[in-house]
Amino acid sequence: MDIQTAQQKQRLFAKRSAALTVLLAAAVATNLVLGLVVMNNSRIILVPTLPGDAAIDPNGRVDAEYLEDMTRDAAWLFLNKTPETAGYFERRAQRLMDPVHFEAVKVQLEKDSAKSEATHSSQAFFPADFFEDPANLYSEVRGRLVIMQGQQVLDDQSKVYALHWTKTGTLVRLASIAEIDPKDAKGDDVKPRISGETQ
């Protein structure tokens with residue numbers, strides 16, 4: 001009786017061992033497949049080369065230098081216009097802007113594009129100075145805005161633009177960009193220069 005019981009237990013143990021071996025093999029095969037899928041679908045995030053490190057401090061504020069870089073890029077994108085590049089700028093603006101605010105800006109971009117096309121004019125902005133207030137997600141840029149029609153300069157003025165930003169997690173996006181009176185500028189560097197100073 002004891003030998004029969006021992007043999008039954010041995011057969012049961014062998015069956016359980018075989019079942020566990022099959023399950024282990026299936027788990028290993030699944031892990032290998034998942035590993036290959038992850039390796040083939042993994043992406044490396046390329047960090048742009050900036051003159052300094054960009055970081056968020058423990059309180060969640062963005063780095064001032066990062067805000068300046070974002071301000072420079074936004075000014076270049078929104079203030080340099082030609083009829084030929086309107087579509088490109090609109091697509092890039094959509095990626096830079098907070099989606100909640102983009103629709104209102106899109107209408108203005110389309111109006112500017114139509115006007116530029118009708119008058120065959122273009123404009124270029126040459127930034128000179130920046131002001132950043134990372135705690136309030138606010139920045140300003142001062143520079144020259146030149147409007148041209150062919151080779152003829154129609155207008156060349158110093159202007160100041162205020163930019164408001166939004167932050168969701170670590171994602172910083174533009175909420176608005178608008179010209180302001182230079183006297184209302186918050187940053188000393190972007191306020192009007194005393195006559196005789198170079199801009």
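Coordinates for the structure precede this section.
Structural notes, computed from the coordinates. Going along each chain's sequence as written, the residues are numbered from 1 onward. Note on the predicted model: pLDDT of at least 70 is required for a residue's local features to be given, and 80 or more for side-chain atom pairs to be given and counted; whole-chain, interface and lining totals, by contrast, use all residues. Water and hydrogen atoms play no part in the side-chain values, which are based on all heavy atoms of the structure.

1. What to know about helix α2 (residues 64–79)
Turning to step 1, where the next piece is worked out: What counts as a helix is a DSSP run of H or I of at least four residues, what counts as a strand is a run of E of at least two, and both are numbered from the N terminus. What a helix is expected to span follows from its residue count: subtract one and scale by 1.5 Å. Helix length check: α2 (16 residues) gives 22 Å between terminal C-alpha atoms against 22 Å at 1.5 Å per residue, within 8%.
Turning to step 2, where the next piece is worked out: Relative accessibility thresholds used throughout: buried, under 20% of the residue-type maximum; exposed, over 50%; partly exposed, between the two (1.4 Å probe, protein chains only). Burial in α2 covers these residues: Leu67, Asp69, Met70, Thr71, Ala74, Ala75, Leu77, Phe78 and Leu79.
Turning to step 3, where the next piece is worked out: The contact rule is simple, with two residues in contact once any of their heavy atoms fall within 4.5 Å. Elements in contact with the buried residues of α2: α3 (86–96), α4 (99–119), β1 (121–133), β2 (138–149), β3 (152–168) and β4 (171–180).
Turning to step 4, where the next piece is worked out: Here a polar contact is recorded for every N or O atom pair within 3.5 Å, except that within protein the pair must consist of a potential hydrogen donor and a potential acceptor, and residues adjacent in sequence are included only if both atoms are side-chain atoms. With a side-chain oxygen lying 2.8 Å from the backbone nitrogen of Glu65, the N-terminal cap of α2 falls on Asp63.

2. Focus on the side chain of Glu140
Turning to step 1, where the next piece is worked out: Among the structural elements, Glu140 can be located in strand β2.
Turning to step 2, where the next piece is worked out: With no salt bridge to any partner, buried Glu140 finds its closest opposite charge in Lys186, at an N-O distance of 6.1 Å.
Turning to step 3, where the next piece is worked out: There is a polar contact of 2.5 Å between the side chain of Glu140 and the side chain of Tyr138.
Turning to step 4, where the next piece is worked out: A distance of 3.0 Å separates a polar atom in the side chain of Glu140 from the backbone nitrogen of Gly187.
Turning to step 5, where the next piece is worked out: Ignoring sequence-local partners within four residues, the contact set of Glu140 consists of Thr71, Asp129, Phe130, Phe131, Tyr161, Ala162, Ile180, Asp184, Ala185, Lys186, Gly187 and Val190. We treat Lys and Arg as the positive residues and Asp and Glu as the negative residues; His and chain ends play no part in the count. Each salt bridge in this description consists of a side-chain nitrogen of Lys or Arg and a carboxyl oxygen of Asp or Glu lying within 4 Å of one another.

3. Some thoughts on the layout of surface pockets
Turning to step 1, where the next piece is worked out: Residues are called lining when one of their atoms sits within 4 Å of a cavity or pocket point, these points coming from a 1 Å grid over the protein atoms alone, where a cavity is a set in which a 1.4 Å probe fits but cannot get out and a pocket is an open set with protein on both sides within 12 Å along at least five of seven lines. Grid points are joined across faces, edges and corners, and a volume is the space filled by probe spheres set on the points. What the second largest pocket holds in volume is close to 580 Å³.
Turning to step 2, where the next piece is worked out: Forming the boundary of the second largest pocket are 21 residues, of which Phe78, Lys81, Gln108, Asp112 and Gln123 lie nearest the centre.
Turning to step 3, where the next piece is worked out: Looking at the lining of the second largest pocket residue by residue, the classes come out as ten nonpolar, seven polar and four charged. Gly is placed with the polar residues, together with every amino acid not listed as nonpolar (Ala, Val, Leu, Ile, Met, Phe, Trp, Tyr, Cys and Pro) or charged (Asp, Glu, Lys and Arg).

4. Brief notes about α4
Turning to step 1, where the next piece is worked out: An ideal rise of 1.5 Å per residue puts 30 Å on 21 residues; α4 measures up with 30 Å between its terminal C-alpha atoms.
Turning to step 2, where the next piece is worked out: For α4, the principal kink sits at Val105 and spans about 30°.
Turning to step 3, where the next piece is worked out: Residues Phe102, Val105, Leu109, Ser113 and Ser116 constitute the buried set of α4.
Turning to step 4, where the next piece is worked out: Each element contacted by the buried residues of α4 is listed here: α2, α3 and β1.
Turning to step 5, where the next piece is worked out: Two residues or fewer after α4 comes His120, characterised by a positive phi angle close to 55°. The reported bend at a residue is simply the angle between two axes, fitted to the 7 residues ending at it and to the 7 residues beginning with it.

5. Re the nonpolar core
Turning to step 1, where the next piece is worked out: Take the buried residues of types Ala, Val, Leu, Ile, Met, Phe, Trp, Tyr and Cys, join any two whose side-chain atoms come within 4.5 Å, and each joined set is a nonpolar core. With 25 residues, the main nonpolar core has Ala74, Phe78, Leu96, Phe125, Val141, Trp165 and Leu174 as its most contacted residues.
Turning to step 2, where the next piece is worked out: Residue assignment for this core shows that the elements contributing at least two residues are α2, α3, α4, β1, β2, β3 and β4.
Turning to step 3, where the next piece is worked out: Counting residues per element, this core draws most heavily on α2, which supplies seven residues.
Turning to step 4, where the next piece is worked out: Other than its neighbours up to four places away in sequence, Leu174 contacts Ala74, Phe78, Leu96, Met97, Asp98, Leu163, His164 and Trp165.

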